[in-house]
Amino acid sequence: MVSRWQRYWQVVHPLPDHTLWWPFRGDGLDSVGVDGEPVTGPVPRCGDDEILVRVDALGLCASDAKMVRMGHDYPLFFDRDFVADPARLGHEAALTVMAVGERRQAQFYPGLRLGIQPDVFVDGRRTIFGVNLAGAMTQYLTLGSDVLDSDTGSCVFPVLADVSYAEIAVLEPWACVDVAYSDTARRLAPKAGGLMWIRGEPGDNASYFVSRPLDSRTVLLTDVPSDLAAWVRSQPVEVVECDSAGAQAVLVERSSGAGVDDIVLLDPRDAAVAAAAVDLLAARGTLNLVGGDWLSAAVPVDISKLHYHHLALLGCPGPDIAEAYGGQRNRSDLRPGGVVWIVGAGGAMGRMHVQRALQLPDGPRAVVATNRGQARLHRLVDDFAGLARQAGRDLVAFSPRDEPDRLAAEMERLTGGAGFDDVVVVAPGAPAVAEALPWLARDGLLMVFAGTPAGTRVDLHLQRAAQHGAQFTGTSGSTVADQLRVLDKIRTGELEAARTVAAIGGMRAMKDGLRAVLEHVYPGKVMIYPQLPDLSLLSLSELERAIPAVYSQLGPGLVWTASAEQALIEACWSEQWRR
């Protein structure tokens, strides 16, 4: 006899005529759905250049809650008319192909499981799945050429049967965390064919040199020592010379307003000059501070630009300018055997950073996790103490608000007062970054993971990059390649991705799930199973009473597993509602 799970997994059930979906009309949680319920519509039919997919699992993200909270003010909605065109959110999805258009049959087949990368670029324009493209808060949807033939190729990718639907759905958030520690998160060498500005200080006659060929397209020189200027002119690049007063106008013109790819500041002495240089950088641009002995003042950096534009703020003592570039000088991952402080560790994304640090091969010897509220910290310790013991690492969790002297004491105990090797700021807002900076070691790595409003400035001691090799970095988003790398870690057992799931629910529980994310009810992810329409929102501990057969399949420490998911579908999925 074929079980429910087998029928579901093997896609041997007929397509229904109708599907449930949740519209969002741009005005808070009350505008999700109609009268608090999803709406019913026909299952979309698959065009010749499309595929029809079933949504198997959907992770609710803090970004979804942010969109619901901000509504019309969320910038990526692009002044949408929500009355005429309601949005459909949901971007962390596991999908299964149900029907394939004639022109897509060489690529897809019914039953193929897919992950999706929501950051879709079409003709250079960002069109995000689950924001300005209709997302996965539905049971069925079609995907067309914008997603299947984006500027970067297909934004969906096949996933074989050795991972759960929940693990597929959390590939995207886990990829965002994982890539933050990758040297691919920022560019660590001058851009080939790019625009470079080298700015010196009048009267500086130091013997700077570059121990690598220049492959920029254009190099603008301002107050550069004569020997270095002569070497640049010997390279196969266009050279433009300009004084400091006119440099900005020339750079804006040469870059068509897109920003400068690479800026080199030779022995910079003015924090205002360094701040202006950061402002001039293009997305994925590099700032190289060479020397920096005179740059005693902190530099007010637009921290949102560091986060969203993936800037690389580098430096070296000199005289070799090229020494600042590359992975050997620039550490991207946590220091092996070091001490990491994770600020805002209690939420879903913060917990993922904690988990990664504890499971990272050759990772830090100690993880300090802080959060404002105590309840989430207690749960974090309950969930991760065993993992820390297994890895032989020290896990320390506390609230600086409730224990104001504890941070200094732990830093002294763990680092001898030298400061934390790595500081990861997951808590949103500039104050969290500013408060964390004094505790960073001179050669430490600061990662800004949570976003802040554009134009928000924080004072960074950038001379540390030149003098001590400190790293200041921030990332957001991921790529298909990043998700595939996480998928490999799941398959090899290096990462327990489903450990982040804290609650599950069915299609009609979507709004309850969003409310829970908005109100920080659960310490981890809410996972929605759209094909189970009437499943209430349940924490994993509540499964013991509600669905014992599923609860019995949870892993040690109440961890969501593939067998628990299979038992859930076996217990709750039915074809009756389709007819």
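Bear in mind that the values here come from a model prediction, so they are computed numbers and not experimental data.

**What to know about the overall build of the chain**
Regarding its fold elements, the chain presents 19 helices and 26 strands. Taking 2.2 N^0.38 as the reference for a compact globule, 579 residues should give roughly 25 Å; the C-alpha atoms of the chain span a radius of gyration of 26 Å, in line with that estimate. Principal-axis analysis of the C-alpha atoms gives the chain an extent of 85 × 55 × 40 Å. Counting over 579 residues, the chain shows a buried share of 59%. Partitioning the intrachain contacts of the chain with sequence separation of at least 6 by distance along the chain shows that 73% fall at a separation of at least 24.

**Side note on the environment of Glu253**
Tracing the backbone shows Glu253 in helix H7 (residues 244-254). The exposure class assigned to Glu253 is exposed, which follows from its relative accessible area of 63%. Here the alpha-carbon distance between Glu253 and Phe82, two residues 171 residues apart in the chain, equals 38 Å.

**Some thoughts on the packing of aromatic side chains**
Enumeration according to the criterion identifies ten aromatic pairs in this entry. An angle of 80 degrees between the planes, with centres 5.9 Å apart, marks the rings of Tyr8 and Tyr165 as edge-to-face. With Tyr8 in helix H1 (residues 4-9) and Tyr165 in helix H4 (residues 165-169), this pair connects stretches of sequence that are 157 residues apart. Cluster of aromatic residues (ring-pair linked, three or more members): Trp5, Tyr8, Trp9, Tyr165 and Trp573. The ring of Tyr8 carries the charged tip of Arg54 above its face, separated from the ring centre by 3.7 Å.

Criteria and thresholds
- Once a new chain begins, its residue numbering starts again from 1 and follows that chain's sequence as written.
- Local features in a predicted model are, by the rule used here, given only for residues with pLDDT of at least 70; side-chain atom pairs are given and counted only at 80 or more, and totals for whole chains, interfaces and linings are based on all residues.
- With hydrogens and water excluded, all non-hydrogen atoms of the structure serve as input to the side-chain values.
- Going along the chain from the N terminus, every DSSP run of H or I of four or more residues is numbered as a helix, and every run of E of two or more is numbered as a strand.
- Throughout, the radius of gyration refers to the C-alpha atoms, and the reference size of a globule is 2.2 Å times the residue count to the power 0.38.
- Exposure is judged per residue with a 1.4 Å probe applied to protein chains only, and the accessible area is read against the type maximum: over 50% gives exposed, under 20% gives buried, and values in between give partly exposed.
- Note on contacts: a residue pair qualifies if any of its non-hydrogen atoms lie within 4.5 Å across the two residues.
- Centres within 6.5 Å are what make two rings of Phe, Tyr or Trp a pair, Trp counting through its six-membered ring; a difference in plane orientation under 30 degrees is then read as stacked, over 60 as edge-to-face, and the rest as tilted.
- Here, over-ring charges are defined by two tests on the NZ atom of lysine or the CZ atom of arginine: distance to the ring centre within 6 Å, and angle to the ring normal within 35 degrees.

No statement about biological role is implied by the geometric values presented.
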